[in-house]
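Chains, contacts and geometry: an overview
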Amino acid sequence: ENVTFQIATLPSGGKLFDVSAAGVVGAEVTAVPKDLTAAAVRYVPNADAGGIPFDVFKYRTKSPAGAFSYKTGVVVSVRLVDDPPAATAVAVSANRAAASRVELAATQPLAETTASGALKYSISRLPARGVLYKAAAATGITTAGVAITSVPFDLNVTSSLVYVPSPPFGSGNGYDSFGYLARDGASFSNEGEVTVNVVASTCSESAPVAGTPGPPPGV
């Protein structure tokens, strides 16, 4: 007896597409009940989602006389594939001859955040006109810790740095830059670039000029 197949319930974590007997993928199944062209569908999970098991949908058969079978469930398991984190371009405004705080930033797919744990950072390229330090204090404070003098340099879960321009001091947008990577335990991100824009100070950093000494202290 020839029967037809009908989707009875839709999946919640992906999409179904009708597939012909020749294997041609057709339109998405967006409403139920939906009679299928043949006895096949294609399942496409939502982006960055998965699990074992992950999703379920149901179908039933229909006889030529219009009689329906019981609904049967299809359990779908989706194995997650590691997606590397994405490093973010960062711009920092710094004062000439002064230390500035730098906060690195990267993103990772939501489904992998819990499984991979916290992102870890490393410096991949040093600045040409300044020195980097691991930040040694709470967010917003420019207390410098260990100087970063070679790459790659692992920061681990720390994403905070301190940048200090080197003499002779200059200023301007794009004054300096350095690179960093983020990793999630399985793969590395693209190289993120930190651009340092240095603002000219209101006073000169030139060497002092000798002159007539003032009175001694207390006079």
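Structure's up top.
Each chain carries its own residue numbering, running from 1 in the written order of its sequence. Side-chain atom pairs in this predicted model are given and counted only at pLDDT of 80 or more, local residue features only at pLDDT of at least 70, and totals for whole chains, interfaces and linings cover all residues. Only hydrogens and water are set aside when side-chain values are computed; all heavy atoms of the structure are taken into account.

In this section: the environment of T107. Runs of E in the DSSP output that reach at least two residues are strands. Runs of H or I that reach at least four are helices, and both are numbered from the N terminus. Among the secondary structure elements, T107 is positioned in strand 11 (residues 106-107). Think of it in three bands: residues with accessible area under 20% of the maximum for their type are buried, residues over 50% are exposed, and the middle band is partly exposed, with areas taken using a 1.4 Å probe on protein chains only. On the basis of relative accessible area, T107 is assigned to the partly exposed category, the value being 48%. The sequence separation of T107 and A182 amounts to 75 residues, and the corresponding C-alpha distance is 8.8 Å. Discounting residues that sit within four places of it in the chain, T107 has contacts with P85, A86 and L119. Here, two residues are considered to be in contact whenever any of their heavy atoms come within 4.5 Å of each other.

Let us look at the sheet that holds strand 9 (residues 90-95). Taken in spatial order, the 5 strands make up an open sheet running 9-18-17-12-15, and their pairing is mixed. Each edge of the open sheet is held by one strand with a lone partner, namely strand 9 and strand 15 (153-156). Direction aside, the axes of adjacent strands within the sheet are offset by 30° on average. Here strand 9 runs beside strand 18 (residues 192-199); their pairing, made up of 6 bridges, is parallel. Directly across from S93, in strand 18, lies its bridge partner N197. Two strands form a pair only when DSSP identifies at least two bridges running between them. Orientation is described by axes fitted as lines to C-alpha atoms, over the contacting stretch for helices, and by angles from 0 to 180 degrees between their N-to-C directions.

Attention now goes to the nonpolar core. Membership of the largest hydrophobic core comes to 23 residues, with the highest contact counts inside it found for L104, I123, L161 and F178. Every element with two or more residues in this core is listed here: strand 9, strand 12 (120-125), strand 15, strand 16 (160-165), strand 17 (172-183) and strand 18. In terms of residues, this core owes the most to one element, strand 17, which gives 4 residues. Look past the residues within four positions of I123 in its chain and what remains in contact with it is L104, L132, I148, V151, P152, F153, L155, L161, F178, G179 and Y180. If you look at the next biggest cluster of nonpolar residues, it comprises 8 residues, including L16, Y43, F57 and V78. Take the buried Ala, Val, Leu, Ile, Met, Phe, Trp, Tyr and Cys residues and link them wherever side-chain atoms come within 4.5 Å; each set so joined is a nonpolar core.

So far we have only geometry, and geometry alone does not tell us how the molecule works.
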